[in-house]
Amino acid sequence: MKVLKISAAAFLLAAQFVTAQFKQTPLPYAYNALEGSIDAQTMEIHYTKHAAGYVTNLNKAVTGTPLEKESLEKILSHVSKESPAVRNNAGGHYNHELFWTVLTPEKNTQPSAELTKAINASFGSLDALKEKLSKAGADRFGSGWAWLVVTADKKLAVTSSPNQDNPLMDISEVKGTPILGIDVWEHAYYLKYQNKRADYLTAFWNVVNWKEVSRRYEQAIK
Ligand code: MN3
């Protein structure tokens, strides 16, 4: 009897695993860790409702299709051939997983020497890059993202995308590997900043994890 119980539990666990291929990575800090720049309530709703929703809907969209065996990056690379549900939710999941990691409560992180060199070469200075990214986020009409990407020729570029699109998608205007993403959907800032997206974008720079952006840069130029 005991053995049967364990088998049933193991079966349920296995079934759950099969039907939920994609998962959220635990947030690497507390919801209130970024207070002052991004408030706890926004972080909690953003992570547990919005971002979680993309994962649930992505799993629904891929279960029972050949996509359930593919990586997120692979799906994004041919997303033009997939349904709007796959495009929106694969993008949404990828974008948020990146977003949480490029934020940190740690003060004054700095780009690595290698990334600093590339930033200076492409934009003149770190401040000029921040200005360009903030402008890309401010100018994005409606919901979307601003991106710092490494292009195929290993150069840095700033771009933005609508909705949950991103530069890994085959439909993207500017393609590349994103190393920093700014969520400019109203759900990312409205509780604290209301209509003032520019104020959110200014505060965003206080909580950027330049160590992680540098790590992603070094990975992308390999
Ligand atoms: Mn979001």
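This structure is a prediction, so every number in the text was calculated from the model and none was measured.

A. Up close: the pattern of salt bridges. Under the definition given, this model contains five salt bridges. Here D139 makes a salt bridge to K135, at a shortest N to O gap of 2.5 Å. In this pair, D139 and K135 both sit in helix 6 (residues 126–139), four residues apart, roughly one turn of the helix. Take K135: its relative accessible area is 51%, and that puts it in the exposed class.

B. Spotlight on the packing of aromatic side chains. Throughout the structure, instances matching the rule amount to 11 aromatic pairs. Seen in terms of ring centroids, F99 and W145 are 5.5 Å apart; in terms of plane orientation they differ by 90°. Their pairing is edge-to-face. Of the two residues, F99 sits in helix 4 (residues 84–101) while W145 sits in strand 1 (residues 144–150), which places them 46 residues apart along the sequence. On the basis of relative accessible area, F99 is assigned to the buried category, the value being 1%. Summarising the aromatic geometry, the rings of F204 and W205 are spaced 5.4 Å apart at their centres and angled 85° between planes, so their arrangement reads as edge-to-face. Take F204: its relative accessible area is 0%, and that puts it in the buried class. Among the aromatic side chains, those forming a connected cluster through ring pairs are Y31, Y47, F99, W100, W145, W147, Y189, Y193, Y200, F204, W205 and W210.

Conventions and cut-offs
Residues numbered from 1 in each chain as written. Predicted model: local features only at pLDDT ≥ 70, side-chain atom pairs only at ≥ 80, totals over all residues. Heavy atoms only, no water. Salt bridge = Lys/Arg side-chain N within 4 Å of Asp/Glu carboxyl O. Helix = DSSP H or I, 4+ residues; strand = E, 2+ residues; numbered from the N terminus. Buried < 20%, exposed > 50% of the residue type's maximum accessible area, 1.4 Å probe, protein only. Phe/Tyr/Trp six-rings, centres within 6.5 Å; stacked < 30°, edge-to-face > 60°.

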